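A structural walkthrough
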Amino acid sequence: MIDLNRPAPTTEPERQYYFIKKVQEYVKAQSEKLGRPLTANITTFGCQMNARDSEKLSGILREAGYVETESEDADFVIYNTCTVRENANLRVYGRLGVLHGYKKKNPNMKIALCGCMMQEATVVEKLQKSYRFVDLIFGTHNIFKFAELLAMTLESDRMIIDIWKDTDQIVEDLPNERKYAFKSGVNIMFGCNNFCSYCIVPYVRGRERSREAKDIVREIEALVKDGVVEVMLLGQNVNSYGKNLEQPMTFAELLREIEQIDGLERIRFMTSHPKDLSDDLIEVMANSKKICPHLHLPLQSGSSRILKAMNRRYDKEKYLALAKKIRERMPDIALTTDIIVGFPGETEEDFQETLDVVRQVRYDSAFTFIYSKRTGTPAAVMEDQIPEDVVKDRFDRLLKEVQTISKEMSERFTGNEETVLVEEKNSQMDGYVTGRLGNNHVVHFEGSEELIGKLIRVRLDECRGFYYMGTMLDK
Ligand code: 5AD
Ligand code: SF4
């Protein structure tokens, strides 16, 4: 039993459980007073890492007694922000205006902001100056302290700001609430040491820290017991996993351990940096029954000159050789990528090199981005920033190429019999469900809701661009 008459414990996670209990009492008293449950709403911007962090926020809010709602007209609203590109920031400011309107009607409402955007000093200054109605601001390094910060916010009328510059702390065993019963993200490392010259992530997520393999395996075992069949191992660059552990180990070695977990059916991971993808990893993937035949291998640019300016530490030839090696060893693998157009100094020739790689590798799908200038990164002060109209034109041409190829690539599996993990009821077609193949392609087929979370054999009847229509085989 947690005794709230005693001072808060100083060790983690005990300290956070103490504050969860404290918030529980507040929520209970407040609900009794209002004669209704207290509601909470979480909005997640950005990547899978943030999605996983939001599950941790959600776990704590539910444990504390809040009822989660879809509406932002709630008693506690939190935005888990992203700052990888400028438009992510602009969206947050826009939506804060709407929240202010709700807060004027509900004086008990508390508004919190967390995540990558909050690690930027200029953002926090702007919020302090022009968004005084925000109650709580914290960053990426102290998200484990959410229960404690929430308790402080509920007791205070002032804006609470707690931003850490960095941390080497990893707190295990806090509650979390999964979005899907049958699949889950699992952090294997935090932060990034690569400092690609356009990217703000190393500044807002801090230095690389790996979790101990035993903690990762223990978490996955518990997830499997709780019904999870697929995990997505998360890290900014999983290929440098384990380098700074007391007893260093490689990502390939970690995968071999995770493969042994009984009841776990599928293993995915994200993201892999081409500079240090090992032959050992390719072998582990090729020989594995559980690791999905999908590799996300961000290219960013096909021009060796631009790659150097981006500080990517590979060139066009090395990337192409790697892609070829992977395809030769695993012919059915799906390769996906991220590409940036309009990096400072990018010429039409550089852009043609990018198109050339796209044509040679033939990606199953690609995320394409317009370069966004992030203050504080080396690229932001590089000369020769590219005019908007030139970038837009290149972006459109790249998108067309990528889409044409990915449609053609999808076709190659038509007629195959494959296993899908059913994820949800189809929202467009009654009586249909939607699932994913190991290679991440989406399949719709006739079936009932009971199939959700199950691995089902289907035949891929027809490819419609980016997805398949299939038929269930073993009914
Ligand atoms: N501008 C545009 N895209 C960016 N990315 C990262 N930083 C920027 C930026 N400043 C893209 C990269 C990365 C993906 C997650 O976001 O392609 O792989
Ligand atoms: Fe950013 Fe590069 Fe790190 Fe990815 S590897 S998070 S692009 S700095």
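Position labels on residues start from 1 in each chain and follow its written sequence. Throughout, the order in which chains and ligands are written sets their labels, letters from A for the former and numbers from 1 for the latter. In view of the model being predicted, local features appear only for residues whose pLDDT reaches at least 70, and side-chain atom pairs are presented and counted only at 80 or more, with totals across whole chains, interfaces and linings using the full set of residues. The basis for every side-chain value is the complete set of heavy atoms in the structure, and neither hydrogens nor water enter the calculation.

**Observations concerning the site of ligand 2**
Nearness is judged by heavy atoms alone; a residue qualifies as near a molecule or strand once a single heavy atom is within 4 Å of it. Close to ligand 2 lie Cys-192, Asn-194, Phe-195, Cys-196, Tyr-198, Cys-199, Val-201, Pro-202, Gln-236, His-273 and Arg-312, which account for all nearby residues. Put simply, Ala, Val, Leu, Ile, Met, Phe, Trp, Tyr, Cys and Pro go in the nonpolar bin, Asp, Glu, Lys and Arg in the charged bin, and everything else, Gly too, in the polar bin. Counted by class, the shell around ligand 2 contains 7 nonpolar, 3 polar and 1 charged residues.

**Thoughts on helix 9 (residues 279-287)**
The buried label applies to any residue whose accessible area, calculated with a 1.4 Å probe on protein chains only, is under 20% of its type's maximum; exposed applies above 50%, and partly exposed to all values in between. A helix here means a DSSP run of H or I that spans at least four residues, while a strand means a run of E at least two residues long, and both kinds are numbered starting from the N terminus. Residues Leu-281, Ile-282, Val-284 and Met-285 constitute the buried set of helix 9. Each buried residue of helix 9 sits inside an arc of 165° when the element is viewed along its axis, so together they form one side. In this context, the arc is that of the directions from the helix axis out to the C-beta atoms.

**Describing the UniProt feature "domain: TRAM" (unreviewed entry) in the protein**
UniProt positions are given in the numbering used here, feature names are shortened, and annotations may be inferred rather than shown by experiment. Here, the residues flagged by UniProt with the feature "domain: TRAM" (unreviewed entry) are residues 411-474. A distance of 23 Å separates the end C-alpha atoms of residues 411-474, which is 2% helix and 56% strand.

**Considerations on the site of ligand 1**
Inspection of the region around ligand 1 gives Val-84, Arg-85, Tyr-198, Gln-300, Asp-338, Ile-340, Phe-369, Ile-370, Tyr-371, Ser-372 and Arg-374 as its neighbouring residues. Under this definition, polar contacts are N or O atom pairs within 3.5 Å; protein pairs additionally need one hydrogen-donor-capable and one acceptor-capable atom, and for neighbouring residues in sequence, both atoms have to be side-chain atoms. A distance of 2.9 Å separates an oxygen atom of ligand 1 from a polar side-chain atom of Arg-85. Contact distances for ligand 1 include 2.7 Å between an oxygen atom and a side-chain N or O atom of Asp-338. Across the complex, the protein chains shield 85% of the 400 Å² of accessible surface that ligand 1 would expose by itself. Those elements giving two or more residues to the shell around ligand 1 turn out to be strand 13 (334-341) and strand 14 (365-370). Of the residues in the shell around ligand 1, the class split is 6 nonpolar, 2 polar and 3 charged. Note on areas: these come from Shrake-Rupley sampling with a 1.4 Å probe, and a residue is covered only by the protein chains present in the view.

**Notes on the packing of helix 7 (residues 213-225) against helix 8 (residues 251-259)**
With axes taken as lines fitted to C-alpha atoms, and helix axes fitted only over the stretch in contact, angles between N-to-C directions fall between 0 and 180 degrees. Their axes nearest at 10 Å, the elements helix 7 and helix 8 cross at an angle of 30°. The interaxial crossing formed by helix 7 with helix 8 has right-handed handedness. Across from Ala-213, Ile-216, Val-217 and Ile-220 in helix 7, the residues of helix 8 making contact are Leu-254, Glu-257 and Ile-258. When the residues that make up the contact of helix 7 with helix 8 are grouped by side-chain class, the tally is 6 nonpolar, no polar and 1 charged. Crossing chirality is assigned from the near helix's rotation relative to the far helix, an anticlockwise turn below a right angle marking it left-handed and a clockwise turn marking it right-handed. The contact criterion used throughout is that any non-hydrogen atoms of two residues lie within 4.5 Å.

**Thoughts on the sheet that holds strand 12 (residues 294-296)**
What makes two strands pair is DSSP finding at least two bridges between them. Spatial ordering of the open sheet is given by 12-13-14, a layout of 3 strands whose pairing is parallel. Looking at strand neighbours, the two that pair on one side only are strand 12 and strand 14, the edges of this open sheet. Here the strands of the sheet are splayed against their neighbours by 15° on average, with no regard to which way each runs. Note: strand 13 against strand 14, 6 bridges, orientation parallel. By the bridge assignment for strand 14, Thr-336 is matched with Ser-365.

**Thoughts on unusual backbone geometry**
Residue Pro-13 is bonded to the preceding Glu-12 through a cis peptide linkage, with omega at 5°. By the element assignment, Pro-13 lies in the segment before helix 1 (14-34). Each neighbour pair has its own omega, and for Met-270 with Thr-271 the value is 0°, a cis peptide bond. With respect to the helices, strands and loops of the structure, Thr-271 is situated in the loop between strand 11 (266-270) and helix 9. Backbone geometry at Arg-362 places phi at a positive 55°, although glycine is not the residue there. Positionally, Arg-362 belongs in the loop between helix 12 (348-361) and strand 14.

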